[in-house]
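Examining the three-dimensional arrangement
Spelled out, the chains give:
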Amino acid sequence: MARNRAAATAYGPMVLAAIEQHEPPGRRLVDDDLAAQFLPAPLRALVAALRPAPLRRWFTAAVERSGPGLWANLTCRKRFIADRLDEAGDDVDAVVVLGAGLDTLAYRLTRRARIPVFEVDQPVNIARKAAIVRRVLGALPLAVRLVALDFERDDLLTILAEHGYRPGWRTFFVWEGVTQYLTEAAVRTTLEGLRPVPPGSRLVFTYVRSEFLDGTNRYGSARLYRTAVTKRLWHFGLRTGQVADFLAEYGWRLVDQAGPDEFLRRYVEPAGRNLRASELEWSVYAEKV
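Let me sum up the structure you'll find in this document. A quick note: this is a predicted structure, and the numbers were derived from the prediction, not measured.

Next up on the list: the overall build of the protein. Scanning the protein for helices and strands turns up 13 helices and seven strands. Taken over the C-alpha trace, the protein has a radius of gyration of 18 Å; the compact-globule value for 289 residues is 19 Å, and the two agree within 12%. If one aligns the C-alpha atoms of the protein with their principal axes, the spans along those axes are about 50 × 45 × 40 Å. Counting only residues that meet the buried cut, the protein has 55% of its 289 residues in that class. In the protein, once contacts between residues fewer than 6 apart in sequence are set aside, the share between residues at least 24 apart is 75%. For the protein, the computed accessible surface area is about 12,600 Å², with 53% contributed by carbon and sulfur atoms. Treating the 41 positive side-chain charges of the protein as one cloud and the 34 negative ones as another, the clouds have centres 7 Å apart.

Here is the structure:
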């Protein structure tokens, strides 16, 4: 089990992704046939118990009480990332998943593409991931490298190079559900460390709105505010209007920024689902220039 609060948060999004697999394909917000298998036994049992639709509706309502709109956000952000990666196609030479947690993207990607994938996370999560992959797949796929790193202290590209990463690769970086757990200094250090990556590299990341962190707007999520902000689990946020300039400081061009309206339009409404999305968290897609 995780030894700290930030590491423990790796479970939540994957539980939601696993539960989504009970929905018929046309109603599913995210496709991930490995999600349940990557969970520990008690959570796999929970996911299995929620196969009946009435129980799923009850569980979804319980999650919504904790953070209104977060079910759609946590699932649709994975769909957003998958769509952007599909669009990139052969234009990238490698994928780096920053703060990989229990995410299964690397292992689903290796089924259809011969491309190196680096999963980066704090040591406790990397050790747990290695054990899970051995249990589920028998061995780590040759294309996947597990990289232990401290975002607050280590130089990202240096550590990646020690695991076979080549600086000249056009790289697709995924930074999902991570930035809020880091200090501003760590976020900026990470982006500064990526400055040498070649033009054409891509970056998808999520962020929490800074209005939530400073308490000026809790977006109907008072319970989550007490858990994440009052207890100092979350540290970093952005305002939607400052994202383009923030990225430009480090040589990235904002391509797309998806908030609740976009998630509803792109994913929720076509699936015929009656869900709301939260203003609290946004997803960003950028390209290195």
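Now that the structure has been shown, we can carry on.
Within the secondary structure, Asp214 sits in the loop between helix 10 (210-213) and helix 11 (222-230). The class for Asp214 is partly exposed, based on a relative accessible area of 41%. Between the alpha carbons of Asp214 and Asp86 there is a distance of 36 Å; along the sequence they are 128 residues apart. If near-sequence neighbours (up to four positions away) are discounted, Asp214 is found in contact with Tyr225 and Arg239. In terms of polar contacts, Asp214 uses its side chain to reach the side chain of Thr216, at 2.7 Å.

Val95, Tyr107, Val117 and Phe172 are the most contacted members of the largest nonpolar core, which totals 55 residues. Going through the elements one at a time, helix 2 (11-20), helix 5 (70-88), strand 1 (94-98), helix 6 (105-109), helix 7 (123-137), strand 3 (144-148), strand 4 (171-175) and helix 13 (260-268) are the ones with two or more residues in this core. Among the elements that make up this core, the one with the highest residue count is helix 5 (eight residues). Discounting residues that sit within four places of it in the chain, Val117 has contacts with Val95, Val97, Ala106, Leu109, Ala143, Val144 and Arg145. Formed by 36 residues, the second largest nonpolar core is a distinct cluster that contains Phe118, Leu156, Phe173 and Trp282.

Backbone hydrogen bonds hold the strands of a sheet together, and the pairing may be parallel or antiparallel. Taking strand neighbours across the sheet as the criterion, the seven strands line up as 3-2-1-4-5-7-6 in an open arrangement whose pairing is mixed. Each edge of the open sheet carries a strand with a single partner, namely strand 3 and strand 6 (252-258). When strand polarity is set aside, the average angle formed by the axes of neighbouring strands in this sheet is 20°. Pairing of strand 4 with strand 5 (residues 202-208), which is carried by four bridges, proceeds in the parallel orientation. Bridge pairing links Trp175 to Phe205 in strand 5.

Turning to the packing of aromatic side chains, a few remarks are in order. Enumeration according to the criterion identifies 17 aromatic pairs in this entry. Centroid distance Tyr181 to Trp234: 6.2 Å. Interplanar angle 90°. Geometry classified as edge-to-face. Pair noted here: Tyr181 is in the loop between strand 4 and helix 9 (184-193) and Trp234 is in the loop between helix 11 and helix 12 (243-248), with a separation of 53 residues, a long-range link. With respect to class, Tyr181 is no different from Trp234; both count as buried. Pairwise contacts between aromatic rings join Phe151, Trp175, Phe205 and Tyr207 into one cluster. One Lys or Arg, Arg84, reaches over the ring of Phe80 and ends 4.8 Å from the middle of that ring. Over the ring of Tyr225 we find Arg218, and its NZ or CZ is 3.8 Å from the ring centre.

Rules and cut-offs
- Residues numbered from 1 in each chain as written.
- Predicted model: local features only at pLDDT ≥ 70, side-chain atom pairs only at ≥ 80, totals over all residues.
- Heavy atoms only, no water.
- Helix = DSSP H or I, 4+ residues; strand = E, 2+ residues; numbered from the N terminus.
- Rg over C-alpha atoms; globule rule 2.2 N^0.38 Å.
- Buried < 20%, exposed > 50% of the residue type's maximum accessible area, 1.4 Å probe, protein only.
- Contact = heavy atoms within 4.5 Å.
- Areas by Shrake-Rupley, 256 points an atom, 1.4 Å probe, with all protein chains shown as cover.
- Lys, Arg positive; Asp, Glu negative; His and termini not counted.
- Charge placed at Lys NZ, Arg CZ, Asp CG, Glu CD.
- Polar contact = N/O pair within 3.5 Å; in protein donor to acceptor, adjacent residues only side chain to side chain.
- Core = buried A, V, L, I, M, F, W, Y, C linked by side-chain atoms within 4.5 Å.
- Pairing = 2+ DSSP bridges.
- Axes fitted to C-alpha atoms, helices over the stretch in contact; angles between N-to-C directions.
- Phe/Tyr/Trp six-rings, centres within 6.5 Å; stacked < 30°, edge-to-face > 60°.
- Lys NZ or Arg CZ within 6 Å of the ring centre and 35° of its normal.

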